[in-house]
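Topology and contacts: notes
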Amino acid sequence: MQLVPAAARDAVERADEAVDTLLESGRGPADILVLTVGEPHPWQQHELSFGEDRYWAQLAEAGDVFYADAATTRPLRRDVVVLVVNDGAAGRVEQAARKALGHAGKLLVVCGESALVAPLFPGVSRPVPA
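Remember, predicted model here, so these are calculated numbers, not experimental data.

In terms of nonpolar packing, the biggest core is built from 23 residues, with Leu 35, Phe 66, Leu 76, Leu 83, Leu 108 and Val 110 touching the most fellow members. When residues of this core are traced back to their parent elements, those giving at least two are β2 (32–36), α3 (52–61), β3 (66–69), β4 (78–84), α4 (90–103) and β5 (104–112). Counting 17 residues, the second-largest nonpolar core is a separate cluster that includes Val 4, Val 34, Val 80 and Val 82.

Right, let's talk about the environment of Val 19 for a bit. Take Val 19: it is sitting in helix α1 (residues 11–24). Note on Val 19: relative accessible area 4%, which makes it buried. For the pair Val 19 and Ile 32, spaced 13 residues apart in sequence, the C-alpha separation works out to 7.7 Å. Those residues in contact with Val 19 that lie beyond four places of it in its chain are Ile 32, Val 34, Val 65 and Val 82.

What follows deals with the pattern of salt bridges. Where charged atoms from two side chains of opposite charge come close, those side chains can pair. One pass over the structure, following the stated rule, counts six salt bridges. A salt bridge links Asp 87 to Arg 92; its shortest N-O distance comes to 3.5 Å. A relative accessible area of 23% places Asp 87 in the partly exposed class. By relative accessible area, which is 31% here, Arg 92 ends up partly exposed. Look at the salt bridges and you will find they share partners, linking Asp 69, Asp 87 and Arg 92 into a network.

To continue, consider the pairing of β2. Among the five residues in β2, five count as buried, and that is most of the element. Judged by which residues are buried, β2 turns out to be covered on both faces: Ile 32, Val 34 and Thr 36 on one side and Leu 33 and Leu 35 on the other are all buried. Both β2 and β4 contribute to a ladder of five bridges, which runs parallel. The residue of β4 that forms the bridge with Thr 36 is Val 84.

The residue Ala 62 is not glycine, and still its phi comes out positive at about 50 degrees. Considering the arrangement of structural elements, one finds Ala 62 in the loop between α3 and β3. Relative accessible area serves as the criterion here: at 33%, Ala 62 is assigned to the partly exposed category.

Cut-offs and rules
Residue positions are given per chain, counted from 1 along the sequence in the order it is written. Only residues with pLDDT of at least 70 get local features here, since the model is predicted, and only at 80 or more are side-chain atom pairs given and counted; chain-wide, interface and lining totals rely on the full set of residues. Each side-chain value is worked out from all heavy atoms of the structure, with water and hydrogens disregarded. Each nonpolar core is a collection of buried residues, namely Ala, Val, Leu, Ile, Met, Phe, Trp, Tyr and Cys, held together in the definition by side-chain atoms within 4.5 Å. Classification of residues uses two cut-offs on accessible area relative to the type maximum, computed with a 1.4 Å probe and protein chains only: under 20% is buried, over 50% is exposed, and between them is partly exposed. Only runs of H or I of at least four residues qualify as helices and only runs of E of at least two qualify as strands under DSSP, and these elements are numbered from the N terminus. In what follows, residue pairs with any heavy atoms lying within 4.5 Å of each other are defined as contacts. What counts as a salt bridge is simple: a side-chain nitrogen of Lys or Arg found within 4 Å of a carboxyl oxygen of Asp or Glu. Any two strands with at least two DSSP bridges between them are considered paired.

Here's what the structure looks like:
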């Protein structure tokens, strides 16, 4: 698990940077799932504009990074999950963190405020530098 410190207003931008870093390090786009705690990621909003069926078909096709709401009840699993904590409601963040851990096969990257997120992951002692 990696923690990327970010204020809620900056969490999407930091998550995009984390995705770029993952891709540059050799991860494939189909290995990455981005989950948002608050407002949907702009790319998710764009993809949903083509309709729900087309949007969810992309998950099954596994050809690209997939963006979804952390509260989704659909079964999601990718090697890497990037959790975007762009909402500061502690209860919602805690629930999203638990779900994100379950969706991540190998790595969970959490982009959010350290004071809010770090207590949810006691084994993580150092955040990734900003």
